[in-house]
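Coordinates in review
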Amino acid sequence: MADGIAELARMTREAYDVFRHPAVTPLVQLASNTFALELFHGPTLAFKDLAMQLLARLMDHALAARNERSTIVVATSGDTGGAAVDAFGGREQVDLVVLFPNGRCLTCSVA
């Protein structure tokens, strides 16, 4: 990060501000010695949002610094495609193609 820690902090804040819980991934106590880390508070309710939201911003930033574009191709039958669409949608330097198997997608809706 040539721009320094402030730029990384901005992108991190931006990435996790889209989560529905202020703690992003709250640790919830279920019993006296039982805890669960809730990974479903992201925009698509998939744990993949945790990495994908920040990764999209980091990639867009790095590609812009190099004056480059990139195309990402994702093949999925589950929630990976939705998380990728949400994270990479609207990025300036990244084009995204998501392949879903016809009639075999568990959580897909075609837009």
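Counting starts from 1 at the beginning of each chain's written sequence and moves along it residue by residue. Where local features are concerned, this predicted model is filtered to residues with pLDDT of at least 70; where side-chain atom pairs are given and counted, the filter is 80 or more; whole-chain, interface and lining totals use all residues. Water and hydrogen atoms play no part in the side-chain values, which are based on all heavy atoms of the structure.

Moving on, we come to helix α1 (residues 5-16). With twelve residues, α1 should cover 16 Å at 1.5 Å per step; its first-to-last C-alpha distance of 16 Å lies within 8% of that length. Buried, partly exposed and exposed residues are distinguished by accessible area as a fraction of the type maximum, computed with a 1.4 Å probe on protein chains only: under 20%, between the cut-offs, and over 50%, respectively. Segments assigned H or I by DSSP are reported as helices when at least four residues long, segments assigned E as strands when at least two residues long, and all are numbered from the N terminus. All of the buried residues along α1 are Glu7, Met11 and Ala15. Projected down its long axis, α1 shows its buried positions confined to an angular sector of 70°, all on one face. Of the residues in α1, the exposed ones pointing more than 90 degrees away from the buried face are Ile5, Ala6 and Arg13. It only takes one pair of heavy atoms within 4.5 Å for two residues to be counted as in contact. Where α1 is buried, its residues meet α2 (49-65). Working rule for helices: expected span equals 1.5 Å times residues minus one. Picture the helix axis, draw a direction to every C-beta atom, and the arc is the one those directions span.

Next up on the list: the environment of Thr34. Structurally, Thr34 can be placed in strand β2 (residues 34-37). Beyond its immediate chain neighbours, meaning those up to four positions away, Thr34 contacts Val28 and Gln29.

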